[in-house]
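# Structure at a glance
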Amino acid sequence: ANEVLKSKVIFIVGPSGAGKTTLAAKLAARIMEQDNALKPSLVSTESQLTNKKDDLSHYSKLLNIQKLHYKLDHDINDFNEICDDQMIVDLCSISEENKHFVHNVRNKIGATKVATILCLPTGGSKQFIESQINVYGALKPIVAFTKADECKVYPRELCVLADKQIKMGFITGSKTILGSVAASDPDVLSNYLESYLSSSFENE
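Structure report, in brief. (Residues numbered from 1 in each chain as written. Predicted model: local features only at pLDDT ≥ 70, side-chain atom pairs only at ≥ 80, totals over all residues. Heavy atoms only, no water.)

What follows covers the layout of surface pockets. Considered as a void within the structure, the second largest pocket measures approximately 290 Å³ in volume. If you go around the second largest pocket, you meet 16 residues; those closest to its centre are Thr116, Lys140, Pro141, Ile142 and Lys167. Mapped by element, the contributors of at least two residues to the lining of the second largest pocket are strand S5 (114-121) and strand S7 (167-172). Among the elements that take part in the lining of the second largest pocket, S5 stands out by supplying 3 residues, more than any other. In terms of residue class, the lining of the second largest pocket is made up of 10 nonpolar, 2 polar and 4 charged. (1 Å grid on protein atoms, 1.4 Å probe; cavity = no way out; pocket = protein on both sides within 12 Å on 5 of 7 lines; lining within 4 Å. Points joined across faces, edges and corners; volume = space filled by probe spheres on them. Helix = DSSP H or I, 4+ residues; strand = E, 2+ residues; numbered from the N terminus. Nonpolar A, V, L, I, M, F, W, Y, C, P; charged D, E, K, R; others polar.)

With respect to the helices and strands, Lys20 occurs in helix H1 (residues 20-34). Although Lys20 lies buried, it forms no salt bridge, and the closest oppositely charged side chain, Asp90, sits 5.1 Å away as judged by the N-O distance. Reaching out from Lys20, the side chain makes a polar contact with the backbone oxygen of Pro15 at a distance of 3.0 Å. (Buried < 20%, exposed > 50% of the residue type's maximum accessible area, 1.4 Å probe, protein only. Lys, Arg positive; Asp, Glu negative; His and termini not counted. Salt bridge = Lys/Arg side-chain N within 4 Å of Asp/Glu carboxyl O. Polar contact = N/O pair within 3.5 Å; in protein donor to acceptor, adjacent residues only side chain to side chain.)

Quick look at the nonpolar core now. Counting residues in each nonpolar core, the largest one holds 32 residues, and the members touching the most others are Phe11, Phe79, Val89, Leu91, Phe101, Phe145 and Leu161. When residues no more than four places from it in sequence are discounted, the contact partners of Phe145 are Leu120, Pro121, Thr122, Ile129, Val153, Glu157, Leu158, Leu161, Met168, Phe170, Ile171 and Thr172. Within the second largest apolar cluster, 27 residues are counted, among which are Leu5, Ile10, Ala29 and Ile142. (Core = buried A, V, L, I, M, F, W, Y, C linked by side-chain atoms within 4.5 Å. Contact = heavy atoms within 4.5 Å.)

Before going further, it helps to spend a moment on the environment of Ser131. The residue Ser131 is located in helix H5 (residues 126-136) in this model. Engagement of the side chain of Ser131 in a polar contact is seen with the backbone oxygen of Phe128, the distance being 2.6 Å.

Scanning the model with the defined rule gives 1 salt bridge in all. Of the charged contacts, one joins Lys6 and Glu3 as a salt bridge, the two residues approaching to 3.3 Å between their closest N and O atoms. Lys6 gets classed as exposed once you look at its relative accessible area, which sits at 62%. Under the relative-accessibility criterion, Glu3 is labelled exposed at 58%.

Another point: the environment of Gln66. Mapped onto the elements, Gln66 comes out in the loop between helix H2 (55-63) and strand S3 (67-69). A relative accessible area of 43% means that Gln66 is categorised as partly exposed. In this structure, the C-alpha to C-alpha distance between Gln66 and Val43, residues 23 residues apart in sequence, is 8.4 Å. Leave out the neighbours within four places in its chain, and Gln66 touches Ser41, Leu42, Ser60 and Cys83. Side chain to side chain, Gln66 and Ser41 meet in a polar contact 3.2 Å long.

A few words on the sheet that holds strand S6 (residues 142-146). Ordered by their spatial adjacency, 8 strands build an open sheet running S3-S2-S4-S1-S5-S6-S7-S8, and the pairing between neighbours is mixed. The open sheet is flanked by S3 and strand S8 (181-183), the only strands paired with a single partner. For this sheet the average axis-to-axis angle between neighbouring strands, irrespective of direction, equals 25 degrees. Pairing geometry for strand S2 (residues 41-44) and S3, over 3 bridges, is parallel. When the sheet's bridge partners are listed, Ser44 is paired in S3 with His69. Along the sheet, helix H4 (residues 96-109) makes contact with strand S1 (9-13) and S5, crossing S5 at roughly 150 degrees. (Pairing = 2+ DSSP bridges. Axes fitted to C-alpha atoms, helices over the stretch in contact; angles between N-to-C directions.)

We now examine unusual backbone geometry. At Asn64, a position not held by glycine, the phi torsion is positive, near 60 degrees. Of note, Asn64 is situated in the loop between H2 and S3. On the basis of relative accessible area, Asn64 is assigned to the exposed category, the value being 58%. Of note, Lys140 is a non-glycine position whose phi angle comes to about 50 degrees, a positive value. Tracing the backbone through its elements, the reader meets Lys140 in the loop between H5 and S6.

In structure tokens form, the structure reads like this:
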């Protein structure tokens, strides 16, 4: 997970309502907590802003960092030129165009400089998780489970990731921005699963 945060470009993909925009802000905050000299930019890719609230701009003001916008139909060279610093890109919709865009950026700046995070809400069914992995698996994403304060990460979810050979990188809740992203290293996961088992036994 910590290696992911060092990537030049971090793409966040996933279903609508999974918390991609909030996760983008949380990752930016985490990066700056680790090194206050860094100022990652938040990037939106919607073809046009709808009437809904522009949360990415809100978070950029909160964190005092840049918020940029990039239209996917522009030349790939334009993307490289919008910012010299690290970018966290919120890919807001599911489409082949988005996946094509990620592949083009990887080819342009190098695969080792690009990371893709698949944002999934906790409590999703096995079928839901498998469907999302089928959509984004070719991008070799690392999974971030969001909204962990609203629902548990169940062992079945971790089993699906293991079966599909997809790595898990982060667990986060839905409320706070600062200090709210936990890297899912072995200690974090074992503590989480231990608490899950303890509460399960207490309820029986």
